[in-house]
Amino acid sequence: MGVVTAPKQDRSRATRQRLLEAAVACLAEHGWAGSTVAVVAERAGVSRGAAQHHFPTREDLFTAAVEYVAEERSAALRGLFAGGPAARPAVVGALVDLYTGTLFRAALQLWVAASNEEQLRPRVTELEARVGRETHRIAVELLGADESRPGVRETVQGLLDMARGLGLANVLTDDTARRARVLAQWSRLIDTALDA
């Protein structure tokens, strides 16, 4: 009997993953207002009923989607530096990249929606806090930062806040050239602060 259910579970997992990826892409491209369960289901190639089986509400779908991709990005970031602490400029660049792609655009749409949607706000706030803590942990590990030293925690958090700001600037216009100069400066500042 277990042999019969495994392919069904695999199909269910694959459907869920397609829905999550489609939801993130829709949020990033169309924003909250243009991203309905029906639009996501169509993009994922599944029925609306199948989508609602996996995610009973729109809020369930989109918060799960951003969480899923955040976890994937965290895993990818760790994979880039599987050996532990790495060259700081590379780590700084990889951390900033987290805030300049599709995930950040999708998360930004969720933040804006949560500011106006009472039922969405607590879920997005909790999700953002969890993603923020995980990103901070990864940054500390990859930078080889000793947070027992005064100011180091704030330095790492400042780097992540700066990365988020660069991500916001990139939403409206391609900010690549300016971002490269800012990253070079921040890498020097991080080295000075963490090695002092």
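Another aspect to go through is empty space enclosed by the protein. Within the structure shown, the criterion is met by 1 cavity of 30 Å³ or more. Size it by volume and the largest cavity reaches roughly 230 Å³. Residue lining of the largest cavity: 18 residues in total, with A70, Y99, L103, E128 and V131 positioned closest to the centre. Elements that contribute at least two residues to the lining of the largest cavity include exactly α4 (58-80), α6 (102-116) and α7 (121-143). Here the element with the most residues in the lining of the largest cavity is α7; it accounts for 6 residues. Taken together, the residues that form the lining of the largest cavity break down as 12 nonpolar, 3 polar and 3 charged.

Among the nonpolar cores identified, the biggest contains 32 residues, and L19, V40, L61, F62, V66 and L110 are the most heavily contacted of them. At the level of elements, α1 (2-30), α2 (37-44), α4, α6 and α7 are the ones that each hand at least two residues to this core. Those residues in contact with V66, other than ones at most four positions away along the chain, are V24, L27, L103, A106, A107, L110 and L127. Among the nonpolar cores identified, the runner-up in size contains 27 residues, and A139, V140, A163 and L183 belong to it.

Definitions and cut-offs
- Residues numbered from 1 in each chain as written.
- Predicted model: local features only at pLDDT ≥ 70, side-chain atom pairs only at ≥ 80, totals over all residues.
- Heavy atoms only, no water.
- 1 Å grid on protein atoms, 1.4 Å probe; cavity = no way out; pocket = protein on both sides within 12 Å on 5 of 7 lines; lining within 4 Å.
- Points joined across faces, edges and corners; volume = space filled by probe spheres on them.
- Helix = DSSP H or I, 4+ residues; strand = E, 2+ residues; numbered from the N terminus.
- Nonpolar A, V, L, I, M, F, W, Y, C, P; charged D, E, K, R; others polar.
- Core = buried A, V, L, I, M, F, W, Y, C linked by side-chain atoms within 4.5 Å.
- Buried < 20%, exposed > 50% of the residue type's maximum accessible area, 1.4 Å probe, protein only.
- Contact = heavy atoms within 4.5 Å.

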